[in-house]
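One-letter residues, chain by chain:
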Amino acid sequence: MDWPIAEVARMSGVTARTLRHYDEIGLLPPARIGANGHRHYEGKQLLLLQQILVLRALGVGLPEIDRILSEQVDEVDALRNHHQKLVDERDRLDALAGTVSRTIAALEQSRKDGHPMTINRPENLFEGVRPSQYEENMSGFPELAEEVGRRAATMSQADADAGHRERTAQMIRLAELMAAGHMSDAEPVQAEIDAQYRGLAELRAVSAEEYRAIGRACVDNDTWRAAYEAIAPGLAAYQRDAIEAYATTRLS
């Protein structure tokens, strides 16, 4: 039994255009192509599509998916591995939800008390957060993403982990300034943004307009926004506004 591309698109939620693209890059060739030129898929291709979609859901890019699938031998072992990754991701999201819930409760209590939020154990803000997501989703900035990828390829795991911790620490420092009532253009906030900008400038020159676009992405990019909001609600917009102020006063 086989299914035409339109039916596979309906069942999987993947557009026919995407399925054709998967065929064109050799990731998911159809079982056959009918006389009318339409692609048809059998059970084997549906199982393969399931694996592709699971890996995409885990944030794996198409080139890496192609490598993973080409190295697979046993389908059950592969699916078991995917299942474990999904369980791990579920546990991480559960922890992240708890982190956000605790932060919301603390912020609400601080507002009731009329005092800035006190962060007694900052390590609690990290639970479930993966700051590396910030770099993993830079499709809107291909040149910068290329530089980040080139730098990451030469780093040890210890250096990469240290970099992730520092970026998360930057986010927490901004959250503390926000909770303390500093406006986004205040000097302490702008000092943090300057440090972030200088870090980017070490990779490549970043114009005022590109930096503004990066700031807007903190809100518009779902992955980036989630990383900021996991630290403190409203932090994504606060970072965006701080970058806008920095680009206007120091880069323009």
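Here the structure is shown first, and the text comes after it.
Just so we're clear, the structure is a prediction, and the values are computed from it rather than from any experiment.

K.L.:
Kindly report on the overall build of the protein, identifying the contributing residues and their values.
P.N.:
For the protein, the count of helices and strands is 12 helices and 3 strands. Relative to its full complement of 252 residues, the protein shows a buried share of 38%. Residue pairs in contact within the protein that sit at least 24 positions apart in sequence constitute 63% of those at least 6 positions apart.

K.L.:
Please set out helix α3 (residues 43-57) residue by residue, giving values where relevant.
P.N.:
For α3, built from 15 residues, the straight-helix expectation of 21 Å at 1.5 Å per residue is met to within 8% by its first-to-last C-alpha distance of 21 Å. Every buried residue of α3 is listed here: Gln45, Leu49, Gln51, Ile52, Val54 and Leu55.

K.L.:
Could you give an account of the pattern of salt bridges, naming the residues involved and the relevant values?
P.N.:
Summed over all chains, the structure comprises 10 salt bridges. As a salt-bridge pair, Arg32 and Asp2 come within 2.7 Å of each other at their nearest N and O atoms. Within this pair, whereas Arg32 is found in strand β2 (residues 32-33), its partner Asp2 is found in the segment before β1 (3-4), the two being separated by 30 residues in sequence. Taking relative accessible area as the criterion, Arg32 reaches 38% and is therefore assigned partly exposed. Residue Asp2 is classed as partly exposed on the basis of its relative accessible area, which comes to 23%. Ionic pairing is found between Arg212 and Glu244, a salt bridge with its closest N-O pair at 3.1 Å.

K.L.:
With reference to specific residues and values, describe the environment of Ala237.
P.N.:
By the secondary structure assignment, Ala237 is in helix α12 (residues 235-251). Each C-alpha atom of the pair Ala237 and Cys218 lies 7.1 Å from the other, and the pair is 19 residues apart in sequence.

K.L.:
Lay out the packing of aromatic side chains in plain terms, naming residues and giving numbers.
P.N.:
With the rule as written, the count across this model stands at 3 aromatic pairs. Centroid distance Tyr197 to Tyr246: 5.6 Å. Interplanar angle 45°. Geometry classified as tilted. Of this pair, Tyr197 sits in helix α9 (residues 187-201) while Tyr246 is found in helix α12, placing the two residues 49 residues apart along the sequence. The class of Tyr197 is buried, set by a relative accessible area of 14%.

K.L.:
Can you lay out the nonpolar core for me, pointing to particular residues and giving the numbers?
P.N.:
Counting 27 residues, the largest nonpolar core has Leu174, Val189, Ile193, Tyr211, Ile231 and Leu235 as the members making the most contacts within it. Going through the elements one at a time, α8 (157-179), α9, α10 (208-220), α11 (222-231) and α12 are the ones with two or more residues in this core. Here this core gets 6 residues from one element, more than from any other, and that element is α12. Among the nonpolar cores identified, the runner-up in size contains 18 residues, and Val8, Leu19, Tyr41 and Leu55 belong to it.

K.L.:
An account of the sheet that holds β1 is requested, with residue identities and associated values reported.
P.N.:
The strands making up a sheet associate through hydrogen bonds between their backbones, and the pairing can be parallel or antiparallel. On the basis of which strands lie adjacent, the open sheet formed by 3 strands has the order β1-β3-β2 and antiparallel pairing. Edge strands, defined here as strands with exactly one partner in the open sheet, are β1 and β2. Pairing between β2 and strand β3 (residues 39-41): 2 bridges, direction antiparallel. In the sheet register, Arg32 faces β3, and the bridge partner there is His40.

K.L.:
With reference to specific residues and values, describe the packing of α11 against α12.
P.N.:
Where α11 contacts α12, the two axes come as close as 7 Å, and the packing angle between them is 110°. With respect to each other, α11 and α12 are oriented roughly perpendicular. Across the interface between the two elements, Arg225, Tyr228, Glu229 and Ile231 from α11 touch Leu235, Ala236 and Gln239 from α12. In the contact of α11 with α12, the residues fall into 4 nonpolar, 1 polar and 2 charged.

K.L.:
Account for α12, with residues named and values stated.
P.N.:
Between its first and last C-alpha, α12 extends 22 Å over 17 residues, near the 24 Å set by a 1.5 Å rise per residue. Looking only at α12, the buried set comprises Leu235, Ala236, Tyr238, Gln239, Ala242, Ile243, Ala245, Tyr246 and Ala247.

K.L.:
Outline the environment of Ala97, supporting the account with residue identities and numerical values.
P.N.:
Relative to the elements of secondary structure, Ala97 occurs in helix α5 (residues 75-113). Given a relative accessible area of 46%, Ala97 falls into the partly exposed group. Here the alpha-carbon distance between Ala97 and Ala230, two residues 133 residues apart in the chain, equals 8.1 Å.

Analysis parameters
- Residues numbered from 1 in each chain as written.
- Predicted model: local features only at pLDDT ≥ 70, side-chain atom pairs only at ≥ 80, totals over all residues.
- Heavy atoms only, no water.
- Helix = DSSP H or I, 4+ residues; strand = E, 2+ residues; numbered from the N terminus.
- Buried < 20%, exposed > 50% of the residue type's maximum accessible area, 1.4 Å probe, protein only.
- Contact = heavy atoms within 4.5 Å.
- Expected span 1.5 Å × (residues − 1).
- Salt bridge = Lys/Arg side-chain N within 4 Å of Asp/Glu carboxyl O.
- Phe/Tyr/Trp six-rings, centres within 6.5 Å; stacked < 30°, edge-to-face > 60°.
- Core = buried A, V, L, I, M, F, W, Y, C linked by side-chain atoms within 4.5 Å.
- Pairing = 2+ DSSP bridges.
- Axes fitted to C-alpha atoms, helices over the stretch in contact; angles between N-to-C directions.
- Parallel < 35°, antiparallel > 145°, perpendicular 65-115°, else oblique.
- Nonpolar A, V, L, I, M, F, W, Y, C, P; charged D, E, K, R; others polar.

Nothing here speaks to function; it is geometry throughout.
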